[in-house]
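# Understanding the architecture of this molecule
In case you want the letters, here they are:
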Amino acid sequence: MTTRLDRQIAFLNEADKLKSVNRGTLLCDASRPENSAEHSWHLTLYALVLADQAGPDVDVTRVTKMLILHDLVEIDAGDNPIFGTYEQTDMEAQEQLAADRIFGLLPDDLRDDLRGTWEEFEACETPTARFAKSLDRFQPPMQNLAAGGGSWIEYNVTEDQFVEKVGSRIAHGAPGLWAYARKHVSAWFSAHR
(Lines give C-alpha, C1' and ligand atoms only; values in the text may rest on other atoms or scores of the structure.)
Protein backbone atom coordinates (compact mmCIF):
# COMPACT_ATOMS: atom_id res chain seq x y z
CA MET A 1 0.00 0.00 0.00
CA THR A 2 1.30 3.44 -0.95
CA THR A 3 1.33 5.84 1.99
CA ARG A 4 1.05 9.63 2.02
CA LEU A 5 4.76 9.85 2.79
CA ASP A 6 5.56 7.51 -0.12
CA ARG A 7 3.73 9.91 -2.46
CA GLN A 8 5.44 12.98 -1.02
CA ILE A 9 8.87 11.38 -1.44
CA ALA A 10 8.02 10.24 -4.98
CA PHE A 11 7.17 13.85 -5.88
CA LEU A 12 10.35 15.18 -4.29
CA ASN A 13 12.47 12.59 -6.12
CA GLU A 14 10.75 13.49 -9.38
CA ALA A 15 11.39 17.20 -8.74
CA ASP A 16 15.12 16.42 -8.56
CA LYS A 17 15.01 15.89 -12.34
CA LEU A 18 14.65 19.67 -12.75
CA LYS A 19 18.39 19.86 -12.04
CA SER A 20 18.99 18.15 -15.40
CA VAL A 21 16.94 20.60 -17.52
CA ASN A 22 19.30 23.14 -19.03
CA ARG A 23 18.04 26.60 -19.91
CA GLY A 24 19.03 29.02 -22.65
CA THR A 25 20.40 31.53 -20.12
CA LEU A 26 24.02 31.35 -19.03
CA LEU A 27 25.18 31.72 -15.45
CA CYS A 28 26.37 35.23 -14.57
CA ASP A 29 29.98 34.12 -15.06
CA ALA A 30 29.08 32.75 -18.53
CA SER A 31 30.70 29.42 -17.65
CA ARG A 32 27.70 27.26 -18.60
CA PRO A 33 23.92 27.31 -19.03
CA GLU A 34 21.97 27.41 -15.80
CA ASN A 35 19.59 24.57 -15.12
CA SER A 36 15.92 25.08 -14.30
CA ALA A 37 16.35 24.15 -10.63
CA GLU A 38 19.05 26.80 -10.25
CA HIS A 39 16.79 29.29 -12.00
CA SER A 40 13.91 28.53 -9.62
CA TRP A 41 16.16 28.87 -6.58
CA HIS A 42 17.62 32.13 -7.88
CA LEU A 43 14.15 33.54 -8.50
CA THR A 44 13.07 32.83 -4.93
CA LEU A 45 16.13 34.79 -3.81
CA TYR A 46 15.15 37.60 -6.20
CA ALA A 47 11.71 37.65 -4.57
CA LEU A 48 13.19 37.96 -1.10
CA VAL A 49 15.75 40.62 -2.01
CA LEU A 50 13.50 42.65 -4.34
CA ALA A 51 10.33 42.45 -2.23
CA ASP A 52 10.41 46.23 -1.92
CA GLN A 53 9.60 46.39 -5.66
CA ALA A 54 6.29 44.57 -5.14
CA GLY A 55 2.99 46.38 -5.05
CA PRO A 56 0.96 46.64 -1.83
CA ASP A 57 -1.34 43.73 -2.76
CA VAL A 58 1.50 41.27 -3.38
CA ASP A 59 2.04 38.35 -1.01
CA VAL A 60 5.81 37.83 -1.28
CA THR A 61 5.65 34.52 0.59
CA ARG A 62 3.24 33.24 -2.06
CA VAL A 63 5.51 34.66 -4.77
CA THR A 64 8.36 32.48 -3.48
CA LYS A 65 6.02 29.47 -3.51
CA MET A 66 5.07 30.20 -7.12
CA LEU A 67 8.66 30.63 -8.19
CA ILE A 68 9.92 27.41 -6.65
CA LEU A 69 7.11 25.53 -8.45
CA HIS A 70 6.75 27.40 -11.73
CA ASP A 71 9.19 25.40 -13.86
CA LEU A 72 8.56 21.87 -12.52
CA VAL A 73 6.66 21.13 -15.73
CA GLU A 74 9.93 21.50 -17.62
CA ILE A 75 10.87 18.04 -16.35
CA ASP A 76 8.57 16.71 -19.10
CA ALA A 77 8.05 19.72 -21.39
CA GLY A 78 11.63 21.05 -21.44
CA ASP A 79 12.68 24.68 -21.35
CA ASN A 80 11.43 26.97 -24.09
CA PRO A 81 13.72 30.00 -24.21
CA ILE A 82 11.76 33.20 -24.68
CA PHE A 83 13.71 34.02 -27.86
CA GLY A 84 13.63 30.43 -29.12
CA THR A 85 11.37 28.99 -31.78
CA TYR A 86 8.40 26.94 -30.60
CA GLU A 87 4.64 26.79 -31.00
CA GLN A 88 3.00 28.48 -27.99
CA THR A 89 -0.15 26.34 -27.95
CA ASP A 90 1.85 23.10 -28.24
CA MET A 91 4.11 24.19 -25.38
CA GLU A 92 1.12 25.06 -23.19
CA ALA A 93 -0.51 21.68 -23.90
CA GLN A 94 2.74 19.86 -23.03
CA GLU A 95 3.03 21.83 -19.80
CA GLN A 96 -0.55 21.02 -18.79
CA LEU A 97 0.11 17.30 -19.33
CA ALA A 98 3.32 17.61 -17.34
CA ALA A 99 1.47 19.37 -14.52
CA ASP A 100 -1.13 16.60 -14.49
CA ARG A 101 1.55 13.94 -14.14
CA ILE A 102 3.99 15.66 -11.78
CA PHE A 103 1.53 17.23 -9.35
CA GLY A 104 -0.51 14.03 -9.62
CA LEU A 105 2.26 12.22 -7.74
CA LEU A 106 1.27 14.07 -4.58
CA PRO A 107 -1.49 13.29 -2.07
CA ASP A 108 -4.71 14.99 -3.23
CA ASP A 109 -4.60 17.94 -0.81
CA LEU A 110 -1.01 18.82 -1.72
CA ARG A 111 -1.69 18.18 -5.41
CA ASP A 112 -4.58 20.64 -5.38
CA ASP A 113 -2.67 23.27 -3.39
CA LEU A 114 0.55 23.18 -5.42
CA ARG A 115 -1.18 22.78 -8.78
CA GLY A 116 -3.45 25.71 -7.89
CA THR A 117 -0.40 27.83 -7.08
CA TRP A 118 1.20 26.86 -10.42
CA GLU A 119 -2.06 27.65 -12.27
CA GLU A 120 -2.26 31.07 -10.58
CA PHE A 121 1.30 31.85 -11.74
CA GLU A 122 0.51 30.73 -15.30
CA ALA A 123 -2.71 32.76 -15.48
CA CYS A 124 -0.85 35.89 -14.31
CA GLU A 125 -4.06 37.60 -13.21
CA THR A 126 -3.42 38.37 -9.52
CA PRO A 127 -0.99 41.05 -8.28
CA THR A 128 1.07 38.28 -6.68
CA ALA A 129 1.29 36.28 -9.91
CA ARG A 130 2.10 39.40 -11.94
CA PHE A 131 5.01 40.21 -9.64
CA ALA A 132 6.23 36.59 -9.76
CA LYS A 133 6.03 36.58 -13.57
CA SER A 134 7.89 39.92 -13.65
CA LEU A 135 10.73 38.44 -11.64
CA ASP A 136 10.80 35.42 -13.97
CA ARG A 137 11.29 37.82 -16.89
CA PHE A 138 13.68 40.16 -15.04
CA GLN A 139 16.25 37.60 -13.86
CA PRO A 140 17.47 36.33 -17.29
CA PRO A 141 18.34 39.81 -18.61
CA MET A 142 20.27 40.54 -15.42
CA GLN A 143 22.24 37.34 -16.02
CA ASN A 144 22.72 38.19 -19.69
CA LEU A 145 24.11 41.59 -18.70
CA ALA A 146 26.49 39.97 -16.21
CA ALA A 147 27.51 37.35 -18.80
CA GLY A 148 28.38 39.91 -21.49
CA GLY A 149 25.23 39.34 -23.53
CA GLY A 150 24.72 35.65 -22.90
CA SER A 151 21.74 34.24 -24.78
CA TRP A 152 21.05 37.52 -26.59
CA ILE A 153 24.15 36.82 -28.67
CA GLU A 154 23.26 33.16 -29.21
CA TYR A 155 19.71 34.00 -30.34
CA ASN A 156 20.73 37.18 -32.20
CA VAL A 157 18.25 39.24 -30.17
CA THR A 158 17.63 42.89 -30.98
CA GLU A 159 16.65 45.53 -28.46
CA ASP A 160 13.21 45.81 -30.07
CA GLN A 161 12.68 42.05 -29.66
CA PHE A 162 13.73 42.31 -26.03
CA VAL A 163 11.30 45.14 -25.36
CA GLU A 164 8.46 43.35 -27.15
CA LYS A 165 8.88 39.90 -25.55
CA VAL A 166 10.12 40.83 -22.09
CA GLY A 167 9.30 44.44 -21.36
CA SER A 168 5.55 44.27 -20.90
CA ARG A 169 5.83 41.25 -18.56
CA ILE A 170 8.28 43.03 -16.29
CA ALA A 171 6.48 46.38 -16.41
CA HIS A 172 3.09 44.80 -15.68
CA GLY A 173 4.10 43.54 -12.23
CA ALA A 174 7.21 45.53 -11.34
CA PRO A 175 7.49 48.91 -13.09
CA GLY A 176 10.58 49.90 -11.10
CA LEU A 177 12.40 46.77 -12.24
CA TRP A 178 11.39 47.48 -15.84
CA ALA A 179 12.85 51.00 -15.62
CA TYR A 180 16.09 49.54 -14.29
CA ALA A 181 16.22 46.77 -16.91
CA ARG A 182 15.32 49.11 -19.76
CA LYS A 183 18.11 51.53 -18.87
CA HIS A 184 20.83 48.87 -18.53
CA VAL A 185 19.70 46.68 -21.40
CA SER A 186 19.43 49.70 -23.71
CA ALA A 187 22.98 50.71 -22.81
CA TRP A 188 24.21 47.17 -23.56
CA PHE A 189 22.49 47.04 -26.95
CA SER A 190 23.76 50.54 -27.82
CA ALA A 191 27.33 49.44 -27.06
CA HIS A 192 27.00 46.21 -29.09
CA ARG A 193 25.41 47.33 -32.36
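Just so we're clear, the structure is a prediction, and the values are computed from it rather than from any experiment.

Turning to helix H9 (residues 159-173), a few remarks are in order. With 15 residues, H9 extends 21 Å from end C-alpha to end C-alpha; this agrees with the ideal 21 Å at 1.5 Å per step. Bending of H9 peaks at approximately 45° at the position of glycine 167. Those residues of H9 that fall on the buried side of the exposure criterion are Glu159, Phe162, Val166, Gly167, Ile170 and Gly173. Against the buried residues of H9 lie helix H7 (127-146), helix H8 (150-154) and helix H10 (175-191).

As a further point, take a nonpolar patch on the surface. Where nonpolar side chains cluster on the molecular surface, the patch consists of Trp41, Leu45, Leu48 and Val49 and spans about 430 Å² of accessible area. Tracing the sequence through the fold places leucine 45 in helix H2 (residues 36-49). Residue leucine 45 is classed as partly exposed on the basis of its relative accessible area, which comes to 35%.

With that out of the way, let us pick up the nonpolar core. One finds Val63, Leu67, Leu135, Phe138, Trp152 and Phe162 to be the most contacted residues of the largest nonpolar core, which totals 30 residues. Put simply, the parts of the chain that give this core at least two residues each are H2, helix H3 (60-69), H7, H9 and H10. Leu18, Val73, Phe103 and Trp118 belong to the second largest nonpolar core, which has 14 residues in total.

Turning our attention to unusual backbone geometry. For residues that are not glycine, phi is negative in most cases, and the peptide bond is trans in most cases. In this structure, alanine 30 takes a positive phi of about 65° despite not being glycine. For alanine 30, the position within the fold is in the loop between strand E1 (22-26) and strand E2 (33-35). Despite not being glycine, asparagine 156 has its phi angle at roughly 55°, a positive value. With respect to the secondary-structure elements, asparagine 156 resides in the loop between H8 and H9.

Turning our attention to the packing of H7 against H9. Packing of H7 against H9 brings their axes to within 7 Å, and their N-to-C directions diverge by 140°. One way to sum up the angle between H7 and H9 is to call them oblique. Crossing of H7 against H9: the hand is left-handed. Taking contact as the criterion, the partners of Arg130, Phe131, Lys133, Ser134, Arg137, Phe138 and Pro141 in H7 are, on H9, Phe162, Val166, Arg169, Ile170, His172 and Gly173. Of the residues belonging to the contact of H7 with H9, the class tally is six nonpolar, three polar and four charged.

Rules and cut-offs
- Residues numbered from 1 in each chain as written.
- Predicted model: local features only at pLDDT ≥ 70, side-chain atom pairs only at ≥ 80, totals over all residues.
- Heavy atoms only, no water.
- Helix = DSSP H or I, 4+ residues; strand = E, 2+ residues; numbered from the N terminus.
- Expected span 1.5 Å × (residues − 1).
- Bend = angle between axes of the 7 residues up to and from the residue.
- Buried < 20%, exposed > 50% of the residue type's maximum accessible area, 1.4 Å probe, protein only.
- Contact = heavy atoms within 4.5 Å.
- Patch = residues over 30% accessible without salt bridge, like charges linked within 9 Å, V, L, I, M, F, W, Y side chains within 5 Å.
- Areas by Shrake-Rupley, 256 points an atom, 1.4 Å probe, with all protein chains shown as cover.
- Salt bridge = Lys/Arg side-chain N within 4 Å of Asp/Glu carboxyl O.
- Core = buried A, V, L, I, M, F, W, Y, C linked by side-chain atoms within 4.5 Å.
- Axes fitted to C-alpha atoms, helices over the stretch in contact; angles between N-to-C directions.
- Parallel < 35°, antiparallel > 145°, perpendicular 65-115°, else oblique.
- Left-handed = near helix turned anticlockwise from the far one by under 90°.
- Nonpolar A, V, L, I, M, F, W, Y, C, P; charged D, E, K, R; others polar.

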